[in-house]
Amino acid sequence: MNSITRANPKIEKGWKKVLSAEFQKKYFKDLSAFLNKEKKEAPIYPPEPFIFKAFNSTPFDAVKVVILGQDPYHGPGQANGLCFSVSAGLKHPRSLVNILKELQKDLNVSYTASGDLDAWAKQGVLLLNTTLTVRQHKPASHKGKGWEEFTDVVIKTLSGKKEGIVFILWGKHAQNKKLLINMNKHFVLEAAHPSPLSVRGFFGCRHFSKTNYLLKQNKKSPINWIDF
C-alpha cells in the first residue's frame, strides 16, 4: 500500500504541510506495516487511491465544516473515502438513508437518489472517519492500529489553526472527540448516531440548516446540501 508506506503520501498540499511530521512517527510506520500485512490476507477498504480522499476533496484551507464518522463501510464497493458516503449508483447503507431523510425533512427537499457526498466535500465539509481503513466484512477491524492517533491530530490541528468551524458529532464515538476542540473558537452540534439503533435521537436534529445559520453568522458561505 504505497500511499501509506511512503513518507510523502498523496495528500493535498495544505494538509501535507500541517501533517507531514505525523508520517515520520513510529505509530504511523507501525500502521503502515500493519496495512501491508493486512492487504495480503484480505481485501481492505476503501481502495488505496481513496484512503486520503477526505483530505484531497477538502483542502485544509477550505474546511468550514467537519462531520466525523467511525470507520469505512466494509462491504465490497461501498467505501469511497468519505464518511457516510457511497459512490453514485450504489444502494444507500442504513445510516446514510437516515441522514438523507433528515436532510429531506430539515430543508424540505426531495430524497436524493445519489449517496455520493463528494459535492459536500468540495464545498468545505471534511467527511472524516476516525479510522480510515477496514477489512472486508469486519467492522472496526482496524480500530486501535494507529489511525485514531492520526485523525486526533487532524482534529486538534483544525481546532488550533482555524476558527469558526462547525463540528457535527453524531453518536458517542464522535462526541468523545469534543475534548480535542476549542469550544471558544468553534461550534459543535451533537445528536445521536444516524444508525437505525439510535436514529430516534437523530431525527429532528436539523443540523444542516443549523450549520448554514452558523456559517452565515460568521460571514461564511453556506453549504448547498442538495447539490448532488
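Preceding this paragraph is the structure being described.
I will try to describe carefully the structure that is included in this document. (Residues numbered from 1 in each chain as written. Predicted model: local features only at pLDDT ≥ 70, side-chain atom pairs only at ≥ 80, totals over all residues. Heavy atoms only, no water.)

**Here's the deal with the overall build of the protein chain**
Inference 1: For the protein chain, the count of helices and strands is nine helices and six strands.
Inference 2: The C-alpha atoms of the protein chain give a radius of gyration of 17 Å, which matches the 17 Å a tight globule of 228 residues would have.
Inference 3: Expressed along its principal axes, the backbone C-alpha trace of the protein chain runs to roughly 45 × 35 × 25 Å.
Inference 4: Within the protein chain, residue pairs in contact and separated by at least 24 positions form 68% of the contacts whose partners lie at least 6 positions apart.
Inference 5: Carbon and sulfur atoms make up 51% of the accessible area of the protein chain, which totals about 10,800 Å².
Inference 6: Charged side chains of the protein chain number 35 positive and 18 negative; the gap between the two group centres comes to 1 Å. (Helix = DSSP H or I, 4+ residues; strand = E, 2+ residues; numbered from the N terminus. Rg over C-alpha atoms; globule rule 2.2 N^0.38 Å. Contact = heavy atoms within 4.5 Å. Areas by Shrake-Rupley, 256 points an atom, 1.4 Å probe, with all protein chains shown as cover. Lys, Arg positive; Asp, Glu negative; His and termini not counted. Charge placed at Lys NZ, Arg CZ, Asp CG, Glu CD.)

**Describing the pairing of strand E5 (residues 166-170)**
Inference 1: With five of five residues buried, E5 lies mostly within the body of the structure.
Inference 2: Here E5 shows a buried face lined by Val 166, Ile 168 and Trp 170 and a second buried face lined by Phe 167 and Leu 169.
Inference 3: Bridge count between strand E2 (residues 65-69) and E5: four bridges; the pairing is parallel. In the sheet register, Ile 67 faces E5, and the bridge partner there is Ile 168. (Buried < 20%, exposed > 50% of the residue type's maximum accessible area, 1.4 Å probe, protein only. Pairing = 2+ DSSP bridges.)

**Topic: the packing of aromatic side chains**
Inference 1: Using the criterion set out here, one finds 20 aromatic pairs in the structure.
Inference 2: Judged by centre distance (6.1 Å) and plane angle (80°), the rings of Tyr 27 and Phe 28 are edge-to-face.
Inference 3: Overall, Tyr 27 belongs to the buried group, its relative accessible area being 11%.
Inference 4: On the basis of relative accessible area, Phe 28 is assigned to the buried category, the value being 1%.
Inference 5: An angle of 75° between the planes, with centres 6.1 Å apart, marks the rings of Phe 52 and Trp 147 as edge-to-face. Placement of the pair is Phe 52 in the loop between strand E1 (44-45) and helix H4 (53-57) and Trp 147 in helix H7 (residues 147-161), with a sequence separation of 95 residues. When sorted by exposure, Phe 52 lands in the same class as Trp 147, which is buried.
Inference 6: An aromatic cluster is built from Trp 15, Phe 23, Tyr 27, Phe 28, Phe 52, Phe 55, Phe 60, Trp 147 and Phe 150, whose rings are joined through pairwise contacts.
Inference 7: The ring centre of Phe 50 lies 5.3 Å from the NZ or CZ of Lys 53, which sits over that ring. (Phe/Tyr/Trp six-rings, centres within 6.5 Å; stacked < 30°, edge-to-face > 60°. Lys NZ or Arg CZ within 6 Å of the ring centre and 35° of its normal.)

**Quick look at the state of the cysteines**
Inference 1: Applying the stated criterion to the full structure yields zero disulfides.
Inference 2: Its sulfur unpaired, Cys 83 is 14 Å from the next cysteine sulfur, which belongs to Cys 205.
Inference 3: The exposure class of Cys 205 is buried, given its relative accessible area of 8%. (Disulfide = S-S within 2.5 Å.)

**Some thoughts on H7**
An α-helical turn contains 3.6 residues, so a residue and the one three or four places further along point in the same direction.
Inference 1: Over its 15 residues, H7 extends 21 Å from the first C-alpha to the last, a length consistent with the 21 Å expected when each residue adds 1.5 Å.
Inference 2: For H7, every residue scored as buried is listed here: Trp 147, Glu 148, Phe 150, Thr 151, Asp 152, Val 153, Val 154, Ile 155, Thr 157, Leu 158 and Ser 159. (Expected span 1.5 Å × (residues − 1).)

**Considering empty space enclosed by the protein**
Inference 1: Counting across every chain of the model gives two cavities of 30 Å³ or more.
Inference 2: Of the pockets and cavities examined, the largest cavity occupies roughly 40 Å³.
Inference 3: What lines the largest cavity is simply Gln 70, Asp 71, Thr 131, Ala 140, His 142, Lys 143, Glu 148 and His 173.
Inference 4: Residue composition of the lining of the largest cavity, by class: one nonpolar, four polar and three charged.
Inference 5: If you add up the space inside the second largest cavity, you get close to 30 Å³.
Inference 6: Lining the second largest cavity we find Pro 46, Phe 50, Ile 51, Pro 72, Gly 81, Asn 129, Thr 131 and Leu 132. (1 Å grid on protein atoms, 1.4 Å probe; cavity = no way out; pocket = protein on both sides within 12 Å on 5 of 7 lines; lining within 4 Å. Points joined across faces, edges and corners; volume = space filled by probe spheres on them. Nonpolar A, V, L, I, M, F, W, Y, C, P; charged D, E, K, R; others polar.)

**Re the sheet that holds strand E6 (residues 187-191)**
Inference 1: Strand order in the open sheet formed by four strands is E3-E2-E5-E6, and the pairing between neighbours is parallel. Only two strands of the sheet have a single neighbouring strand rather than two, namely strand E3 (125-129) and E6. Taking the axes of each pair of neighbouring strands and ignoring which way they run, one obtains an average angle of 20° across the sheet.
Inference 2: Taken together, the five bridges between E2 and E3 define a ladder with parallel strand orientation. From the neighbouring strand, Val 66 faces E3, where its bridge partner is Leu 126. (Axes fitted to C-alpha atoms, helices over the stretch in contact; angles between N-to-C directions.)

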